[in-house]
Every structure is written in C-alpha cells, then in structure tokens.
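Each chain, written out:
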Amino acid sequence: MTFEIRNRLSKRIVIGLGLFVLFCLLSFNLKYLYKDDLLIPMTTTSSSPSTYLVIIGSPVQHESRRNLIRSTYFGIQDNLEPIAQPSAQSIHYAFCIYGNRTKSDTPERRSFETEKMEYNDIYPFFDAEFNQKNVLDWVKKQGVQYDFIIIQDIYSFIPLQKLVNALGDDTTIQWGNDHEGYVIGSKAVESKKDLFGSQVWENSIESTDTTKNMLVTQVYQDQDFKALAEAFHLKPIEMTKMVSSKAVVTSSYIYDKCMEPSATKASLNKRDYADKHGYVFIARSREFGQQALRVDQRRTVWGKIDVIQKVLPKYEWIFWLDMDAVVMNPNQTIEGLMTRLRNEYYNGTESEFEENIDFIIVRPGTDKMINAGVFLIKNTSGSFKFLKKIQEREEWYRQGPSYEQGAMWDVMQQPEFISRTLFLDRENHIFNTFPKFYQQDDFIVHFAPDKCPNAATLKGLAAADSIKQGQFVTSQDLV
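Since the structure is predicted, the reported quantities are computational estimates derived from the model, not experimental observations.

Participant: Mind laying out the sheet that holds strand β13 (residues 317-321), listing which residues take part and the relevant values?
Facilitator: An order of β12-β11-β13-β16-β15-β17 is seen for the six strands of this open sheet, with the pairing classed as mixed. Among the strands making up the open sheet, the edge pair consists of β12 (280-284) and β17 (421-425). Neighbour-to-neighbour, the strand axes of the sheet open up by a mean angle of 20 degrees, direction not taken into account. In terms of strand pairing, strand β11 (residues 246-251) meets β13 through four bridges, oriented parallel. In the strand pairing of β13, A247 is matched with I318. On top of the sheet, helix α7 (residues 263-277) reaches β11, β12 and β13; it is set at about 155 degrees to β12, its chief contact.

Participant: If you had to explain the nonpolar core to someone new, which residues and values would you point to?
Facilitator: Ranked by internal contacts, the top residues of the largest apolar core, which has 43 residues, are Y73, F74, I150, F157, L160 and L167. Every element with two or more residues in this core is listed here: β3 (52-59), α2 (63-74), β4 (91-98), α3 (107-119), β6 (148-153), α5 (160-167), β10 (213-217) and α6 (222-231). Element by element, the count of residues in this core is highest for α5, at five residues. Beyond its immediate sequence surroundings of up to four residues, F74 is in contact with V54, I69, I91, Y93, L160, P236, I237 and M239.

Participant: Go over α2, please, and point to the residues and values.
Facilitator: The terminal C-alpha atoms of α2, which comprises 12 residues, lie 16 Å apart, in line with the 16 Å expected from a rise of 1.5 Å per residue. Those residues of α2 lying buried are R65, R66, L68, I69, R70, S71, T72, Y73 and F74. Positive backbone phi, at 70 degrees, marks G75, one or two positions downstream of α2.

Participant: Can you lay out the sheet that holds strand β5 (residues 122-124) for me, pointing to particular residues and giving the numbers?
Facilitator: A sheet is described by the order of its strands in space; here six strands give the open sequence β5-β4-β3-β6-β8-β7, paired in mixed fashion. Of all the strands in the sheet, the pair left with one neighbour each is β5 and β7 (174-176). Sheet twist, expressed as the average angle between the axes of neighbouring strands with direction ignored, equals 20 degrees.

Procedures and definitions
Residues numbered from 1 in each chain as written. Predicted model: local features only at pLDDT ≥ 70, side-chain atom pairs only at ≥ 80, totals over all residues. Heavy atoms only, no water. Pairing = 2+ DSSP bridges. Helix = DSSP H or I, 4+ residues; strand = E, 2+ residues; numbered from the N terminus. Axes fitted to C-alpha atoms, helices over the stretch in contact; angles between N-to-C directions. Contact = heavy atoms within 4.5 Å. Core = buried A, V, L, I, M, F, W, Y, C linked by side-chain atoms within 4.5 Å. Buried < 20%, exposed > 50% of the residue type's maximum accessible area, 1.4 Å probe, protein only. Expected span 1.5 Å × (residues − 1).

Without other data, these values stay purely geometric and don't point to any function.
Printed below as a string of structure tokens:
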C-alpha cells in the first residue's frame, strides 16, 4: 500500500515537473528550432549583434576565386560603391595571401597590385604558414576583438549566412579542421568535432549533403564553387556601404614596370586622405584596359574618361587624381577647398557657385593647356554632355602627348562648357601644384615628368610622410 502511494506521488511529481518545464519554455520562448536536420538558433533582436571576422587564406594567383568570394559571400560585385569601414560592420573579412610572392616586372605582380589598390582587403601572409595558430596570432596583433573568427582556405566553401545563423551568440563554440575551415568563439572551450558536418568535394552536387554540412573542402574549380553556392541557396551577407556625396578617384592601372614600385603606395596616400574625411575612395583599372579593345585603338590613358563616366552617376562630386599626384596637405578638405574658391572667385556667393559650376580645373605654370591630372567634376546633365563631347574628339585618340587632355581642353573652351567651368588659369597652389612651385600647406603635388614618374612620386610620398611627422618640406625636397 505504502509502495503504491509512493509510486503515485512520483508520477505526479514527474508530471508536475514536465508541466513546469513546458511552462518555462513557452514563457521565455524557444531559442532554437530544427531546420535541415541542424540545431540552428533563431534570429534574435539585440542592441549589440555578434561580430565576425572571416579570414580566407589564398595564394596570390587566385584572384578569380577571391572575386567570386567577394560576390557570393558579401555581395561585392565591384568597387564602385565601396563598403564602409570595419567599425561600421558586424562582419569583416580579409584575404591573407600566403605562398610564393609574385616576381617584379611581371603581369602577375601588376595584376596583384591593382587588386590591392581597388579592394583594400588584401593582407600579406608570406612569412608564415597559413594555419590556425598563425592566423589567430595575426588577429591578436590587429588589436580588434571579435565574437567569432571564421577561417577558411581559398579551396573551401562555407555557406556563410547559414553558418552565422547557426552560431547564434554561443561564443564558446570551437569547431573545424585547422586552415580548411575553422570557427572559434571569443570564449571558446574544447573543440566540438560533431557540431556541424563537413566533407571533401566529390566533384558533383549530387554527392554533396547540403542539409548537414557547413564546410566543403578541396573545391578547385570556380564553376564548382558557384554550383555549391546555388545548391546551398547561399545569400550574401548584407554589408554596409559607405555613404558620401564625394568620391576621390584614381587609376589603378599599371602600364608597365615604370610605376610598379610606387603605384600602391600612391594609392594608399589617396585612400588615407579619403578615409580621414569620410569620402569614398575608388581606384579603377578595367576602363584603361578596355581601350585596347576599341575599334579605334585609343591610347590607354583615355580610360580616364571612361572611369569618370562610370563613377560620376553615383556621386555628387568626383575629385580625380592621377596615379602620380600626391596629397601633401591631408587636412585640406574638399568642402574647405570649395569655400576658398567661392570666396576668391564668386564673392562667397554659394548659390551662384553651386548653380553655375560643373567643372574645376587648372592650367598650372607655363603649360599651353589645362593639366588633367587633378580636377573636380560635378554630377550634372551638363557634365555628361561635356564627357560625351570629349569622347567624340577622334583627332586626339592617338595624338600625343596630350591625348584625352587635349580633347578636354578643346571641348572645355566651347561657350556652353566654359560658362560652367571654373578655369584656374596659371594657378599653382590651390590643388594642382608642380614640384618646383611647391609651398608649405599646398594641397596636391602632381609629379608629371616627361619620362617615368616613379622616382619622383616616391620622393613626393616620402615628403608627404615627413610633413605628417611635423617636418618642414620645401620645393627643393621634391625636385
């Protein structure tokens, strides 16, 4: 009798506990649900979302795969609207380049330097083996804390959005196989080998388990990578884009060995300036390369006009700087420059300046025509008509040494365009200064010698660094 009473009491206690647990689950909501046979955290609203650093190890030669990862993982199709600084993103990424370096004076080196200029997501890893320990040591040196670090090799595929959802906010997670595909949370404990599935690519989608796997390794063909992205229904992570009405634009096209040593350094000088003031920075090369495909076989430098036509629709103002132009006074803003121009040429009348000026350019020193190495152009219908007219000047396609500059000079002087141009004739200090005219606090120095400008540009970059360190620089340091 006593046993029977105890048994009944035990059943009631079990039932009561079961109801209590159910009540708790209903009261506080389920954090997890089952989907595709994986336990995946539901999306939760948080004032401070988790932060992620995605590191992709890659040999130099795999530019096509890096571009594919940019587009499929992060929705980056080109660099016309660059993503915002890492501080504005919940997810950041980096390509760590390992293996053999490219040889100097080769198309491979020039292509790699161009990619570095255009995307600013390349980090050298030549002096260390790409593995979990070395990568985590490198991250630590960057001085930024992330909730999760995701590491993968260029030959691996990860359904990134699915993985991010699966991680939730459990920063104790540690999973994966070293450099091929690895995840570690900021409070990671022991590795959980069976947390997610992984497999080696068996050369067909039919042999791939898309329901359980978070990692597919040894994917060597771009076409197979694309097929995996489609099979996993991969949607790119939404990256925050930079918001600015002004873009600093330059060339990233390296013609030959001449500018190979200085091109990337000169690009960083301009990028640093743009970042300092919140302007978009864009470096372009394809428009220069496409000149060789034109039936009329224009000289490569005509790519500058193609670049302006492509970028200008996305911004209010473009500030164009040739590759061999160096920012010497990074404290000078574009807004401050325009205020100075309004005061000196339009009696400080903002409306007259804004309504009537589309193009600002200099004829420096004793030059016979304008110098098109530095100029400002505004997004207006008049500007696009101006650019179209320039493109039509066939006599300048192969006529040196001026080429596109000669076409700009001719078209600019037409009544409908000169009336909307602020032509700074014989002006040597506002924003396009030749080295011999340089004075303290001049904004931009343009190194445009008759021959290769590499040595002069490197000298200018060294001088710009000296100015940042508080040293005094004169024109004698630049010539």
